[in-house]
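Coordinate inspection notes
In case you want the letters, here they are:
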Amino acid sequence: GRAGWQSGAAATAAAAVRRVLHLELDVSALPAGCALEPGDALAVVPQNDPTDVKELLPQLGVRAKQADTPLQLPDGFDAPMHLGGELTPRTALLERVDIGSTSSWPSPALLRLLLKHGEPANADAPRLALVRRATAQAAGGDAAAARAAHASLVRERPPLLQLLRQLASRPPLVDLLDALPPLAPRWYSLASSPLASPGRAHLCVSIAAYTATDAAGTRHLRRGVASHFLERTAAPLLKAGGAEEAAAAVPVFWREPSGHELRLPPSPATPVVVIGPGTGLAPFRAFLQHRRFAHARKRLGPCVVYFGCRSRADDFLYGEELEPMHAAGAMTLRTAFSREAPPATAGYWRGLRLNVDYVQDLLEEDGQRVAQLLLEQAGHLYVCGDGQSMASDVHAALRRIVEAHLSVSPAEAEERLQGLAQEGRYCREIWN
């Protein structure tokens, strides 16, 4: 289906290192069977950057008049599903194929195609040598060298346009489209409860940007496809401060629950502990809204929210909602601001972290209370967010809490946590 914009606003201050948008989609026109609930996610079907596509077309020999005319597929061409239906060269590159963002980009098959249709005499010599090694086409190439060279390219993740130029390659468009991976949807956790916002879906979107390093050690900026697509599409709303509706619509879809989604416990009286630093807070904002709108306050059990970010002033997401809830006693809010301490007193010294607070530190401070809620009162604990470090650090903190509370070994504490996970009382939604 397609969801129209309802409103949008920056969720972080202009000075924030990581930019986050709060977006509201009108999903009232989605099919009747789409019964959204807290813990669900919406898939956004993104588009590549039109500027990149505009540069790609002439690089591939597609003239301006051809760019928007139906693409002629050769007889007998078995088109994959994502290339089905009528499409033009521009829509194919804009909407159907990935041009540089997959985790395994660039594939060996793509590199072989580019070499096949390249002009070595006009190619960038270091790039050509690396790609030849990655495809085991260099003299004396072997499998280990090919894997190492390909791993280097994957770390760098050079965009398609850059590869075409550096290899002086112009493959047939249909062959190239067939070699490129499909442009995959991106999933975003709902940051709202349908009870609080009927017909709307709130998303909390981090504008993804990262650096990749090439074989020479040079760093290159890369941008997330879906988050920048959403930012471009929502630009009229952002310029207007979120006050006007945008005419644009965003392709989205929802899937039937698999049973592995984050879900509130059946009884509202069950204690709930949620740990959601950064945009990991999104599903728990939906939880909090649902508890508020679905049940009387006196029926609600304890709820503790652990949130972390760099700075209260710059990226305290939904702080204007969370702090009043805490003050009113609707939940307990625990916050860790990792860059708030003066630089002269914060940092790392001989392997020790000093005055740089994270959510796992708060967990251990509250260890006795967390253990009581989780182990004695049959509470549910949820973690959502970055899987590269936060999730493992939080898990280690929980293991130490269980060790101390039950006076057991690390292995026994780990076994107890695994048991809680199997019971559905320790739930994690982690991304990398």
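Data block above holds the structure.
Residues numbered from 1 in each chain as written. Predicted model: local features only at pLDDT ≥ 70, side-chain atom pairs only at ≥ 80, totals over all residues. Heavy atoms only, no water.

Overview of the overall build of the protein chain
Note the cut-off: The secondary structure listing takes helices from DSSP runs of H or I that are at least 4 residues long and strands from runs of E that are at least 2 residues long, numbered from the N terminus. For every residue, the accessible area obtained with a 1.4 Å probe (protein chains only) is divided by the maximum for its type, and the residue is called buried under 20%, exposed over 50%, and partly exposed between those limits. Pairs of residues are marked as contacts when any of their non-hydrogen atoms sit within 4.5 Å. The Shrake-Rupley method, run with a 1.4 Å probe, gives the accessible areas here. Residue values count only the displayed protein chains as cover.
What the protein chain contains, in helices and strands, is 16 helices and 15 strands. Taking all 432 residues of the protein chain together, 45% fall into the buried category. In the protein chain, once contacts between residues fewer than 6 apart in sequence are set aside, the share between residues at least 24 apart is 71%. When the accessible surface of the protein chain is totalled, it reaches about 21100 Å², and 51% of it is carbon and sulfur.

Description of the sheet that holds strand S14 (residues 380–386)
Rule in force here: For two strands to pair, DSSP has to find at least two bridges joining them. Here an angle of 0 to 180 degrees is reported between the N-to-C directions of two axes, which are lines fitted to C-alpha atoms, with helices fitted over the stretch in contact.
Read from one edge of the open sheet, five strands run S11-S10-S9-S14-S15, paired in parallel fashion. If you trace the sheet from one side to the other, it starts and ends with strand S11 (332–337) and strand S15 (426–431), each paired once. Neighbour-to-neighbour, the strand axes of the sheet open up by a mean angle of 10 degrees, direction not taken into account. Here S14 pairs with S15 via six bridges, running parallel.

A closer look at the packing of helix H1 (residues 50–59) against helix H2 (residues 89–96)
Two quantities define a packed helix pair, namely the angle between the axes and the distance from one axis to the other. Where we set the bar: Angular relationships are summarised with four words: roughly parallel below 35 degrees, roughly antiparallel beyond 145, roughly perpendicular across 65 to 115, and oblique for the angles in between. Here a crossing is taken to be left-handed if its near helix is turned anticlockwise relative to the far helix by less than a right angle, and right-handed if that turn runs clockwise. Amino acid classes used here: Ala, Val, Leu, Ile, Met, Phe, Trp, Tyr, Cys and Pro are nonpolar; Asp, Glu, Lys and Arg are charged; the rest, including Gly, are polar.
One can describe the packing of H1 onto H2 by two numbers: an axis separation of 10 Å at closest approach and a directional angle of 140 degrees. By the angle between their directions, the pair H1 and H2 is classed as oblique. Between H1 and H2 the crossing geometry is right-handed. In contact with Pro50, Val53, Leu56 and Leu57 of H1, H2 contributes Pro89, Arg90, Leu93 and Leu94. A breakdown of the residues in the contact of H1 with H2 according to their chemical character gives seven nonpolar, no polar and one charged.

Here we look at the layout of surface pockets
With a probe scaled to a water molecule rolled over the atoms, the places where space remains empty come into view. Our working definition: Cavities and pockets are found on a 1 Å grid laid over the protein atoms alone: a cavity is a set of points where a 1.4 Å probe fits but cannot escape, a pocket is an open set with protein on both sides within 12 Å along at least five of seven lines, and a lining residue has an atom within 4 Å of such a point. Grid points are joined across faces, edges and corners, and a volume is the space filled by probe spheres set on the points.
Of the volumes computed, that of the second largest pocket is approximately 500 Å³. Residue assignment for the lining of the second largest pocket shows that the elements contributing at least two residues are H1, helix H6 (160–166), strand S7 (219–223) and helix H8 (225–233). When grouped by side-chain class, the residues that make up the lining of the second largest pocket number eight nonpolar, seven polar and seven charged.

A few points about the nonpolar core
Put simply, the test is: Here the nonpolar core consists of buried residues drawn from Ala, Val, Leu, Ile, Met, Phe, Trp, Tyr and Cys, with membership extended through side-chain atoms lying within 4.5 Å.
Membership of the largest hydrophobic core comes to 36 residues, with the highest contact counts inside it found for Leu93, Leu160, Leu176 and Leu177. Elements supplying a minimum of two residues to this core: H1, H2, helix H3 (108–116), helix H4 (125–134), helix H5 (143–156), H6 and helix H7 (173–179). Per-element tally for this core: the top contributor is H3, with five residues. Discounting chain neighbours no more than four positions away, the residues touching leucine 93 are Asn48, Val53, Leu56, Leu57, Leu60, Ile99 and Leu177.

Section: empty space enclosed by the protein
Enumeration over the complete set of coordinates arrives at one cavity of 30 Å³ or more. Taken together, Leu71, Leu73, Phe77, Leu83, Leu87, Val174 and Leu177 make up the lining of the largest cavity.

Considering the pairing of strand S6 (residues 209–213)
Alignment of S6 against S7, held across five bridges, turns out to be antiparallel. Paired with threonine 213 across the bridge in S7 is arginine 219. Between the antiparallel neighbours S6 and S7 lie five residues, among them glycine 217 with a positive phi of about 90 degrees.

A look at H4
Quick reminder of the rule: Directions pointing from the helix axis toward each C-beta atom define the arc. Any pair of nitrogen or oxygen atoms within 3.5 Å is treated as a polar contact; in protein, a donor-acceptor pairing is required on top of that, and neighbouring residues in sequence qualify only through side-chain atoms on both sides.
Of the positions making up H4, those classed as buried are Arg127, Leu128, Leu130, Val131 and Ala134. An end-on view of H4 places all buried positions within 165 degrees of arc, on one side of the element. Seen from the buried face of H4, the exposed residues on the opposite side, beyond 90 degrees, are Ala125 and Pro126. On its buried side, H4 packs onto H3, H5 and H6. At the N-terminal boundary of H4, the capping side chain belongs to aspartate 124, with an oxygen 3.0 Å from the backbone nitrogen of arginine 127. Downstream of H4 by a residue or two, alanine 136 has a phi angle that is positive, lying close to 60 degrees.

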